[in-house]
Amino acid sequence: MDNTSVTLRCIGTGDAFGSGGRLHSCFHLDYQGGQMLIDCGCSSLIGMQRCGVIPAAIDTVVISHLHGDHFGGIPYLLLEGMYASQRTRRLTLIGPRGLQQRVEAAAEALYPGMIGKKRSFPINYRLLDPKNSLQVNGAQIDCFRVRHGRSQHVYGVRVEIGGKVISYTGDTEWTDNLIPLTRGSHLAIAECFAYDVPIPGHLDYQTLLQHHSQLGCRKLVITHMGPEMLSRLDQLDMDTVSDGEIIEV
Ligand SMILES: [Zn+2]
């Protein structure tokens, strides 16, 4: 089964520092049966509004790791549902161990009292686990452990919808786990913060070039680029994505 169509909107393709004026990581998948975000960094609600994505229509959010430029937009997504759209649709939040505690702590820090307020919509938390696939809202979600920071609960995410596979590295330095993560994907989205100086916890362009053929994906695009990568956009032999870009998968 390979004829399902999935539309990917690149809501945010930036790094944590806002390099190049790009928004924090957030990718929107629109498919028959649901709408999903992969990562939801702090600026994601702004990005969704720019792209015409209706926040209250999102069914599922998958978070690769618990850094602000990847999950910090969830309190705003909840806030929008509570006070702007009076959302009723169930929201499933999926991520590493500790997701619910971190989301609630962030929400309480930003809008005290928010978590205790009655909501018009249910939230369902699910945990990523490399040993188990999740079946959620018409999608199969798998994760692979990657290497970024001190936590071991940091993942690359693979989403399969009706035979279409989208893989996403999250933030990571090179690890051989990226090979099964991306193998056979119709689209792989790889972070590439640096150009040729390896930085702990991140990929750089030269390392990615070296391993490109091992990834086994039909199409590879790079995101989460830092200043040096952005200054070399016209010299790269790989496709990049920018905020607002749409890819039909
Ligand atoms: Zn990041």
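Going by the structure above, here's the rest.
My aim in this report is to walk through the structure given alongside it, one point at a time.

Reading guide: rules and limits
- Within every chain, residues take consecutive numbers counted from 1 along the sequence as written.
- Where totals are concerned, whole chains, interfaces and linings use all residues; where local detail is concerned, this predicted model gives features only for residues with pLDDT of at least 70, and gives and counts side-chain atom pairs only at 80 or more.
- Think of it this way: any DSSP run of H or I at least four residues long counts as a helix, any run of E at least two long counts as a strand, and we number them from the N terminus.
- Throughout, the radius of gyration refers to the C-alpha atoms, and the reference size of a globule is 2.2 Å times the residue count to the power 0.38.
- Around each residue's C-beta, the other C-beta atoms within 10 Å are counted; 20 or more make the residue buried, 12 or fewer make it exposed, and counts in between make it partly exposed. All C-beta atoms are placed from the backbone.
- What counts as a contact here is a pair of residues whose C-beta atoms, placed from the backbone, lie within 7 Å.
- Pairing between two strands is assigned when DSSP locates at least 2 bridges connecting them.
- Where helices are involved, their axes are fitted lines through C-alpha atoms of the stretch in contact, as for all axes, and angles between N-to-C directions lie from 0 to 180°.
- Multiplying 1.5 Å by the residue count of a helix minus one yields the expected span of that helix.
- An arc is given here, and it is the one of the directions from the helix axis to the C-beta atoms.

What follows is about the overall build of the protein chain. Looking only at helices and strands, one finds seven helices and 14 strands in the protein chain. Relative to its length of 249 residues, the protein chain is compact, with a C-alpha radius of gyration of 17 Å against a globular reference of 18 Å. On the principal axes, the C-alpha backbone points of the protein chain span a range of 50 × 40 × 35 Å. When the 249 residues of the protein chain are sorted by exposure, 45% land in the buried category. Long-range pairs, those at least 24 residues apart, make up 63% of the contacts in the protein chain with a sequence separation of at least 6.

Attention now moves to the sheet that holds strand S3 (residues 34-40). Spatially, seven strands are ordered S6-S5-S4-S3-S2-S1-S14 in an open sheet, and the strand pairing comes out mixed. Since the sheet does not close on itself, it has two edges, and those belong to strand S6 (123-127) and strand S14 (246-248), each with one partner. The mean inter-strand angle of the sheet, taken between neighbouring strand axes irrespective of direction, is 20°.

A few words now on helix H3 (residues 74-84). All of the buried residues in H3 are Ile-74, Pro-75, Tyr-76, Leu-77, Leu-78, Glu-80 and Gly-81. Summarising the contacts, the buried residues of H3 are in contact with S3, helix H1 (44-51), strand S4 (60-62), helix H2 (68-71), strand S5 (91-95) and helix H4 (99-110). The positive-phi residue at the C-terminal boundary of H3 is Gln-86, with phi of around 50°.

Our focus in this paragraph is the sheet that holds strand S10 (residues 164-168). Strand order in the open sheet formed by seven strands is S7-S8-S9-S10-S11-S12-S13, with mixed pairing between adjacent strands. The open sheet has two free edges, formed respectively by strand S7 (134-136) and strand S13 (239-240), since each of these has just one partner strand. Where strand S11 (residues 187-191) and strand S12 (residues 220-223) come together, four bridges link them in parallel fashion. Directly across from Ile-189, in S12, lies its bridge partner Val-221.

Locating Ile-189 in the fold gives a position in strand S11. Taking the C-beta count within 10 Å as the criterion, Ile-189 has 29 such neighbours and is therefore assigned buried. With 134 residues separating them along the chain, Ile-189 and Pro-55 place their C-alpha atoms 22 Å apart. Leaving out residues up to four positions away in the same chain, Ile-189 has contacts with Phe-27, Tyr-168, Thr-169, Val-221 and Thr-223.

What follows concerns H4. Its 12 residues give H4 an end-to-end C-alpha distance of 16 Å, which sits within 8% of 16 Å, the value for a rise of 1.5 Å per residue. Of the residues making up H4, those classed as buried are Leu-99, Val-103 and Ala-106. Within H4, the buried residues cover an arc of 70° as seen down the axis, which keeps them to one side. Turned more than 90 degrees away from the buried face of H4, the exposed residues are Gln-101 and Ala-109. Buried positions along H4 lie against H2, H3, S5 and S6.

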